[in-house]
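# Fold and geometry: a report
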Amino acid sequence: MTRQVWKIERFTTNVTNDVMSFTYSTGRQTQFDSWAPGSLILTIRNESGQANGYDLNDKIILTADDSSFYQWLYVQEVLFNDMPGTGASSTATIICTDLLGRLGRIQVFEEPLAVDDTIEQIRAGFEALLPTGTSFATSTGNSQAAADTYTGTGLNRLNLNMTTEQGWVGVNAEVISLIGRDAVTTLLPATITFARSASGIYQMGYSNIQRVALGSNYLNTCTVTPPVAAAQNATDTAGVAAYGTYGTEFSTVDNTGSQALSFAQWQVFSRDDPDELSFQISVSDTANNFSQLFNAFIQNYVVVTVSYRKPGSLTDLTSSQIMQGWSMSVTPSQTDMQIFTSPLTYTNFFILDSSTFGVLGGGAVTYNETAVTYNEATYTYNQAGATAGSRLGW
């Protein structure tokens, strides 16, 4: 298998030949973690002072050849490993962060934030503070964020708003993508499959897979504290009776108590199955062509299919998952990746006209289909309407 080829630039200068190895990470491990800054850590040769020119906020561009993937990052720290004598084996470690990391260093004091949808409030309040040439790419948020005179970092406020929204965050190229929960269909199509063996350019064969069940995913009681109302609580009494109390609490920026209650109810509803699976998947370019995987990353097509087989079984099972984050370790000989997923059910809000999110135990429910009619003389329904499934409001 052809190894993944990388290009690393400092501004417009290609410095790939100086790089001995690097690690990279982005996103988060589970749906319940905060969105954390991504990082790029380069180990470079420095026997002739190659690291001397690196400065704070220098732009580093990481590009995956044979794909459309690239990422802007920014130098935050340089560690010099100076060897004695002639210094022939000296190296330097270049520590870089992504746009979320920059947002985490942007501190505001008493910043006025107007009532708005959760995502637009972030864009309006913080986009002008991002580095030159970068921006937010946003959809419409589905929850209303309360007004605030905010003091803190931009990243902390982003996490508060996206917790309230229950959406998705991606950092690619020079953009932070903020995806509202009703816009999760933009995370499709689910073209990538992780399976026991590689096949073609869309099916990645994993070298290791961990199925994660039980533990912190399960929930049967939830308390949500908004800034404008009393704390709201939702409880799955059947779950408490079966397993005892498994609870958590959230601080949100919900603009009403009823919205906060809906948030608590959704958490309890969507996390009521202790057997729901998440995955940690290891893949390598020694067995895979990564071109379409990296194309999926840059396009935010992070809904994937995971195929797995339980020990002792002869049957492969599949699960629809969302990639929450990923990391990689790169040397000249290979690229090894670890990918963290969570169940699609955690963001599986009902959405009309979606073959993935519009299913109620059958085909997708679509708006304004042919009405289902009944002929009393022949005791039959019209076939066109019955085949279409249903039409809301019939």
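Check the entry above for the structure.
In this report, we go over the structure that sits alongside the text. Here the structure is a predicted model, which means the values were calculated and not measured. (Residues numbered from 1 in each chain as written. Predicted model: local features only at pLDDT ≥ 70, side-chain atom pairs only at ≥ 80, totals over all residues. Heavy atoms only, no water.)

## Remarks on the overall build of the protein
When helices and strands are tallied, the protein shows seven helices and 26 strands. A fraction of 66% describes how many contacts in the protein between residues 6 or more apart in sequence connect residues 24 or more apart. Within the structure as shown, the protein displays about 18200 Å² of accessible surface, and the carbon and sulfur contribution to it stands at 49%. (Helix = DSSP H or I, 4+ residues; strand = E, 2+ residues; numbered from the N terminus. Contact = heavy atoms within 4.5 Å. Areas by Shrake-Rupley, 256 points an atom, 1.4 Å probe, with all protein chains shown as cover.)

## Brief notes about the sheet that holds strand E19 (residues 232-235)
Pairing within the open sheet is mixed, and its three strands lie in the order E19-E18-E20. Both outer strands of the open sheet, E19 and strand E20 (247-251), are each paired with one neighbouring strand and no more. The average angle at which neighbouring strand axes cross in this sheet is 15°, direction not considered. Lying on the sheet, helix H5 (residues 257-270) is in contact with strand E18 (221-225), E19 and E20; it crosses E19 at an angle near 25°. (Pairing = 2+ DSSP bridges. Axes fitted to C-alpha atoms, helices over the stretch in contact; angles between N-to-C directions.)

## Re the packing of aromatic side chains
Inspection of the entire model under this criterion finds 16 aromatic pairs. Each ring, one from Phe294 and one from Phe297, has its centre 5.6 Å from the other, and the planes form 70°; the classification is edge-to-face. Of this pair, Phe294 and Phe297 both sit in helix H6 (residues 291-298), separated by three residues, roughly a single helical turn. Phe297 shares its class with Phe294; the two are buried. The rings of Trp6, Phe22, Tyr24, Phe69, Phe290, Phe294, Phe297 and Trp326 are connected pair by pair, giving a single aromatic cluster. (Phe/Tyr/Trp six-rings, centres within 6.5 Å; stacked < 30°, edge-to-face > 60°. Buried < 20%, exposed > 50% of the residue type's maximum accessible area, 1.4 Å probe, protein only.)

## Considerations on the pairing of strand E4 (residues 39-45)
In E4, alternate side chains face the same way, and those of Leu40, Leu42 and Ile44 are buried while those of Ser39, Ile41, Thr43 and Arg45 on the opposite face are not. Here strand E3 (residues 19-27) runs beside E4; their pairing, made up of six bridges, is antiparallel. Paired with Phe22 across the two strands is Leu42, which belongs to E4. The pairing of E4 with strand E7 (residues 91-97) spans seven bridges and is classified as antiparallel. Note on E7: the bridge partner recorded for Ile41 is Ile95.

Just distances and angles here, no functional claims.
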